[in-house]
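Residue-level listing of the chains:
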Amino acid sequence: MKSETERFRHWADGLAMHDGQWECVYEAWPAWYEAVLDWVGGRAGRAAPDADIGQVLYAIARDRDAQYLVREIRKRHPDALLWLTRAALVQGEAEARWQLAVELGQLPRGDEAEGLLLALARDDDEYVRRRAIRSLAALGVQSAEALAWGEWQRVDENQEWARMSALECLRQLKSPRLAALLADALQDTRPQLRRFAQQLREHDGGAAEDG
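Just so you know, these numbers come straight off a predicted model, no measurement behind them.

Summarise the environment of L178; cite the residues concerned and give the values.
Among the secondary structure elements, L178 is positioned in helix α11 (residues 178-186). The exposure class assigned to L178 is buried, which follows from its relative accessible area of 18%. The spacing of L178 and E27 is 151 residues in sequence and 46 Å in space, taken between C-alpha atoms.

Following this line, the structure appears as structure tokens:
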């Protein structure tokens, strides 16, 4: 795994710019995927150096567009999501934390996964919070209602997206708070939020766009 991680870093260092979906053009993803998945599978509950865990989190973060790696970890080694998330709360990038939040929401509901999602729901990064609260709502965790309400009120440069996500969470939870916020959204000056609210109203709680 270390050699494949260094191979990627060397390639990335040679790029003129790191913007947009720059990681997608890397040609050696399959070898990196295999190396990381083999390492995660071989750990099997054994202690590992923080540096090695950091390499896994780095690979997950760089795979932010495909999200293949974190999904495969969840499918093959679901317990690994728990210890990886615990580590990500300390040393991981936001690009890794939000992906872990999404995949934790795909696990059967349990106290540890729920606790980790609640921690992620307090993250400094808005998108990490958004994905964690969405996962909590999908799992039917009632505390997601108050968290979604809090995100609606929170001032943030991504507030429009946060408010769309809050509406979706409240819809999933069948919250009585949804009607009032939906009415507010329909009067909002931001066109994307208004369209999203209109979509929810027209479809009577149907599936919403993913933020």
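Continuing now.
Before we move on, can you summarise the layout of surface pockets with the specific residues and values?
Any space left empty among the atoms is revealed by the rolling of a water-sized probe across them. Here the largest pocket is characterised by a volume of approximately 150 Å³. As for the largest pocket, its lining consists of ten residues, and the residues nearest its centre are Q106, R131, R134, S135 and A138. Those elements that provide at least two residues to the lining of the largest pocket are α8 (126-138) and α10 (159-172). Here the lining of the largest pocket takes four residues from α8, the largest share from any one element. Looking at the lining of the largest pocket residue by residue, the classes come out as two nonpolar, four polar and four charged.

Run through α11, naming residues and quoting values.
Those residues of α11 not exposed but buried are L178, L181, L182, A185 and L186. Projected down its long axis, α11 carries its buried residues within an arc of 140°, all on one side. Contact partners of the buried residues in α11: α9 (143-153), α10 and α12 (191-202).

Before we move on, can you summarise the environment of R134 with the specific residues and values?
Looking at where R134 falls in the secondary structure, it is placed in helix α8. Judged by relative accessible area, which is 14%, R134 ranks as buried. A C-alpha to C-alpha distance of 19 Å links R134 and A61, two positions 73 residues apart in sequence.

So, how was this worked out
- The written sequence of each chain sets the order in which its residues are numbered from 1.
- For a predicted model such as this one, the threshold for reporting local features is a pLDDT of at least 70, and the threshold for listing and counting side-chain atom pairs is 80 or more; totals across whole chains, interfaces and linings nevertheless cover every residue.
- To get the side-chain values, take all heavy atoms of the structure and skip hydrogens and water.
- Secondary structure follows DSSP: runs of H or I at least 4 residues long count as helices, runs of E at least 2 residues long count as strands, and numbering of each begins at the N terminus.
- Relative accessibility decides the category of a residue: with a 1.4 Å probe and only protein chains considered, values under 20% of the type maximum give buried, values over 50% give exposed, and everything between is partly exposed.
- In this analysis, the protein atoms alone were mapped onto a 1 Å grid. Cavities are point sets where a 1.4 Å probe fits without being able to get out; pockets are open sets with protein on both sides within 12 Å along at least five of seven lines; lining residues have an atom within 4 Å of a point.
- Grid points are joined across faces, edges and corners, and a volume is the space filled by probe spheres set on the points.
- The classification used treats Ala, Val, Leu, Ile, Met, Phe, Trp, Tyr, Cys and Pro as nonpolar, Asp, Glu, Lys and Arg as charged, and all other residues, Gly among them, as polar.
- Note that the arc is computed from the directions linking the helix axis to the C-beta atoms.
- Between two residues, a contact is recorded if the distance between any of their heavy atoms is within 4.5 Å.

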